[in-house]
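Results of the structural survey
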Amino acid sequence: MANRARWVMKYEKGLVDILLENNNSHYRTPTGWRMEGWRKIVMDFNMRYSEAKFSKMQIQEHETQLKKDYKFIKLILQRDGVSWDQSASMIRGTDEIWDEIIEDMPKARKYQNKSFPLLDSLEQLFDGPIAEGGQNSPQNIVGNVDEGGNNMSTAPDMSVRPSGTINANFDETWNSISLLPQTALGQQGIENLDTLQNHTEEALGLQQHGADRRPQRADEQPQSSSCVEPQRDRRRKRKVTDIQQRKVTDIQQIMETYLNFRMKQARVKEQKVKEADQFTISSCIKAMNTMSDVSDEIKILASDVFKDAENREIFLSYEPRLRTLWLKREVGKQLTSAY
């Protein structure tokens, strides 16, 4: 995992400026930034602030934190008796009102006396419209044409996947997961996620094709009435739309749950690696060499004691004056068992 980044105001404002500069449909969808968008944002930021040396994960995490801060402040400003001080860029309210807010939302305490000068820019970024265009070119556009012949889509070419609105929504949902630190999962975790995505897309493609047309029964008379057909089409479209929306929500929940599980596994593994690096044989021998009251014979025999991981942790956890007593006892146990 990347080290915690130190975000001073210069970097925060610069990041928000870069996000606004790239806030167009080529790099961002209504549900989140595309992968190409994140590459462009990270490249722009590191070119502008080369001394910061922030990783993609650190930039993504801070964009997520800025979004949380913005949503939280907007939530506080909805409370009665609260106002926004534009000159100071702070939330204003009496101590009694703040006590009530903090009682309901303990995390609001951090915003009580904190200036937040980026509120207007973040409102434009997170609640404003996404500009059309950007780096899109005709070959990257798939024509989603309505009955009148109008192009209704600016999504990238998804010809290698099942076509339809549900799959475009799925890609947007999948790209929004990049806000979470996927790199913590490792290569195997990403491959598992790709497998999950492929299987789910196939299922959605089958479901959509199945919902598009109802087979006509043998005894059913063809319906040619101009009144019946539009009603049937509207009902079918509403049904398909409801199914699509439920499926997209379910997919996002499954992916986020899986990501959280894999991230937890990564943190546990990282902690074990850190502990293993801390209690090594070389660390024990180095500590033992500073103990003048231990004979060379015991130091040689102690190498067998340090082969056990628990013994290494116990030895290094003792304060120096107790290490000698413990080491002589363990060496004595080995000599006794040998004879």
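Residues numbered from 1 in each chain as written. Predicted model: local features only at pLDDT ≥ 70, side-chain atom pairs only at ≥ 80, totals over all residues. Heavy atoms only, no water.

By the naming in an unreviewed UniProt entry, the protein chain goes by Myb/SANT-like domain-containing protein and is assigned to Urochloa decumbens.

**Topic: the overall build of the protein chain**
Note the following rule: Note on conventions: DSSP H or I runs of at least 4 residues are helices, E runs of at least 2 residues are strands, and numbering of each starts at the N terminus. For each residue, the accessible area found with a 1.4 Å probe, counting protein chains only, is set against the maximum for its type, and the residue is called buried under 20%, exposed over 50%, and partly exposed in between. Shrake-Rupley sampling with a 1.4 Å probe provides the accessible areas, and residues are treated as covered by the protein chains on show and by no other component.
In terms of helices and strands, the protein chain carries 12 helices and four strands. Put simply, the protein chain has 339 residues, and 35% of those count as buried. About 21500 Å² of surface is accessible on the protein chain, with carbon and sulfur atoms providing 51% of the total.

**Focus on the pattern of salt bridges**
Threshold: Just to be clear on terms, a salt bridge is a Lys or Arg side-chain nitrogen sitting within 4 Å of an Asp or Glu carboxyl oxygen.
The tally for this structure, following the rule as stated, stands at 12 salt bridges. For the salt bridge of Arg48 with Glu21, the shortest nitrogen-to-oxygen distance reads 3.1 Å. Of the two residues, Arg48 is situated in helix α2 (residues 35-48) and Glu21 in helix α1 (residues 9-21); the sequence distance between them amounts to 27 residues. The partner of Asp85 in a salt bridge is Arg92, with the nearest N and O atoms 3.0 Å apart. A relative accessible area of 37% means that Arg92 is categorised as partly exposed. It is possible to trace a salt-bridge network through shared partners that takes in Arg329, Glu330 and Lys333.

**Quick look at the packing of α1 against α2**
Here is the rule we go by: Axis geometry follows a simple rule: fit a line to the C-alpha atoms, using only the stretch in contact for helices, then measure angles between N-to-C directions, giving values from 0 to 180 degrees. Convention used here: angles under 35 degrees read as roughly parallel, angles over 145 as roughly antiparallel, angles from 65 to 115 as roughly perpendicular, and any remaining angle as oblique. Helix crossings fall into two classes, left-handed where the near helix is turned counterclockwise from the far one by less than a right angle and right-handed where it is turned clockwise. Only heavy atoms enter the contact rule, under which two residues are in contact if any of them lie within 4.5 Å.
In the contact formed by α1 and α2, the axes pass within 10 Å of each other and the chain directions differ by 140 degrees. Taken together, α1 and α2 sit at an angle that is classed as oblique. At the point where α1 passes α2, the crossing takes the right-handed sense. Between α1 and α2, the residues in contact are Tyr11, Gly14, Leu15, Asp17, Ile18, Leu19 and Glu21 and Ile41, Asp44, Phe45 and Arg48, respectively.

**A look at a negative patch on the surface**
Put simply, the rule is: Excluding any residue in a salt bridge, patches collect residues exceeding 30% relative accessible area, merging like charges within 9 Å and nonpolar Val, Leu, Ile, Met, Phe, Trp and Tyr side chains within 5 Å. Counting rule for charge: Lys and Arg are taken as positive, Asp and Glu as negative, and neither His nor the chain ends is counted. For the purpose of locating charges, the reference atoms are NZ of Lys, CZ of Arg, CG of Asp and CD of Glu.
A cluster of acidic residues, Asp95, Glu96, Asp99, Glu100 and Glu103, forms a negative patch on the protein surface. Looking at the element boundaries, Asp95 is found in helix α4 (residues 95-104). Under the relative-accessibility criterion, Asp95 is labelled exposed at 55%.

**Overview of unusual backbone geometry**
Positive phi, normally seen in glycine, also occurs at Lys53, with a value near 55 degrees. Looking at where Lys53 falls in the secondary structure, it is placed in the loop between α2 and α3 (56-77). Given a relative accessible area of 67%, Lys53 falls into the exposed group. In the Ramachandran plot, Ser89 falls in the positive-phi region, its phi being about 55 degrees despite a non-glycine side chain. Relative to the assigned elements, Ser89 resides in the loop between β3 (83-85) and β4 (90-92). For Ser89, a relative accessible area of 12% translates into the label buried.

**A look at the environment of Glu21**
What makes Glu21 partly exposed here is its relative accessible area of 47%. With 20 residues separating them along the chain, Glu21 and Ile41 place their C-alpha atoms 9.1 Å apart.

**A few points about the environment of Pro129**
Within the fold, Pro129 resides in the loop between α5 (119-126) and α6 (165-176). With a relative accessible area of 74%, Pro129 lands in the exposed category. The sequence separation of Pro129 and Asn23 amounts to 106 residues, and the corresponding C-alpha distance is 8.7 Å.

**What about α4?**
The condition that has to hold: An arc is given here, and it is the one of the directions from the helix axis to the C-beta atoms.
Among all positions in α4, only Ile97, Trp98, Ile101 and Ile102 are buried. The arc that holds every buried residue of α4, seen down its axis, measures 130 degrees, which confines them to one face. Among the exposed residues of α4, those pointing more than 90 degrees away from its buried face are Glu96, Glu103 and Asp104. The secondary structure elements touched by the buried residues of α4 are α3 and β4.

**Considerations on helix α9 (residues 281-289)**
All of the buried residues along α9 are Cys284, Ala287 and Met288. Buried positions in α9, seen along its axis, are confined to an arc of 100 degrees and lie on one side of it. Set apart from the buried face of α9 by more than 90 degrees, the exposed residues are Ser282 and Lys286.

**Here we look at the packing of aromatic side chains**
Just so we agree on the cut-off: Centres within 6.5 Å make a pair out of two Phe, Tyr or Trp rings, where for Trp the six-membered ring is used; the pair is then stacked when the planes are under 30 degrees apart, edge-to-face when over 60, and tilted otherwise. Definition used: whenever NZ (Lys) or CZ (Arg) falls within 6 Å of the ring centre and also within 35 degrees of the ring normal, the charge is taken to sit over that ring.
For the structure shown, the criterion picks out 13 aromatic pairs. Judged by centre distance (5.4 Å) and plane angle (70 degrees), the ring pair of Tyr11 and Tyr49 falls under edge-to-face. Here Tyr49 lies in the loop between α2 and α3 and Tyr11 lies in helix α1, a separation of 38 residues in the sequence. Across the pair, Tyr49 and Tyr11 agree in class, each one buried. Ring centres of Tyr11 and Phe54 lie 5.5 Å apart, and the angle between their planes is 85 degrees; this geometry places the pair in the edge-to-face category. Here Tyr11, found in helix α1, pairs with Phe54, found in the loop between α2 and α3; they are 43 residues apart in sequence, far enough to count as distant. An aromatic cluster is built from Trp7, Tyr11, Phe45, Tyr49 and Phe54, whose rings are joined through pairwise contacts. In this structure, Arg28 is placed above the aromatic ring of Trp33, and the distance from its NZ or CZ to the ring centre is 5.1 Å. Above the plane of the ring of Phe315 lies Arg323, whose end atom (NZ or CZ) is 5.4 Å from the centre.

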